[in-house]
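# Fold and contact review
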Amino acid sequence: MNAESSAWERRSAVRVVPPVRPRKLAKVPFVELADGRLQGVVSSGSDIERVYVSSFTAGTHSYSCSTNNNRPCGALPSGSSPCKHLHALAAEAVLQYGVDRVARYLRVDLDDGASSGADLVGGMNGQVERAPAATVFSRFLRHLNYLEIPDTTTPIPEMHWFPALGAVR
Ligand SMILES: [Zn+2]
């Protein structure tokens, strides 16, 4: 347990309410254009205990996917094409920012009529390059803290991620 994950636990130890019933989880609860990357947190399709930190780098279009514990994504052997987490990240980024803005940020030349995350991924031809997950993941946790609203009765789907992150037992 390193110092950073301890800090995560301290930060996330406040006001955690277990969900009373299953909720629809956000497939991509966090996405940002930062540090010269499109990066974000993507849920595992099969295991809610697991999340992935995925990113595309602007310019080189190298990409990375690993668990929040920095284990390489099993679906992303070196030299392969982007995994489904990276595709989900691209699709969510297009929803949130629009395909033109994401393409400009990553410096992707899109074909006329390109509009989807798949078009965006198809416009890149990068290689796997491991990027550290910790920075993105800690920003995700800060993002969750911003979502804490006192006295709200509205369920906040993102809050569900606290238990999934192993911060609560
Ligand atoms: Zn992956």
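Residues numbered from 1 in each chain as written. Predicted model: local features only at pLDDT ≥ 70, side-chain atom pairs only at ≥ 80, totals over all residues. Heavy atoms only, no water.

### Let's talk about the coordination of the zinc ion
For the zinc ion, the full set of protein donor atoms is Cys 65 (SG), Cys 73 (SG), Cys 83 (SG) and His 85 (ND1), and the range of their distances to it is 2.0 to 2.4 Å. Counting the intervening residues between successive donors of the zinc ion yields the motif C-x7-C-x9-C-x1-H. By relative accessible area, which is 3% here, Cys 83 ends up buried. What makes His 85 buried here is its relative accessible area of 3%. (Donors = N, O, S within 2.8 Å, 3.2 Å for Na, K, Ca; no water. Buried < 20%, exposed > 50% of the residue type's maximum accessible area, 1.4 Å probe, protein only.)

### Topic: the side chain of Gln 39
Of note, Gln 39 is situated in strand β2 (residues 37–43). Note on Gln 39: relative accessible area 1%, which makes it buried. Side-chain polar atoms of Gln 39 contact the side chain of Glu 32, separated by 2.8 Å. A distance of 3.4 Å separates the side chain of Gln 39 from the side chain of Asp 35, its partner in a polar contact. Apart from the residues within four sequence positions on either side, Gln 39 is in contact with Phe 30, Val 31, Glu 32, Ala 34, Ser 54, Ser 55, Leu 89, Val 136 and Arg 139. (Helix = DSSP H or I, 4+ residues; strand = E, 2+ residues; numbered from the N terminus. Polar contact = N/O pair within 3.5 Å; in protein donor to acceptor, adjacent residues only side chain to side chain. Contact = heavy atoms within 4.5 Å.)

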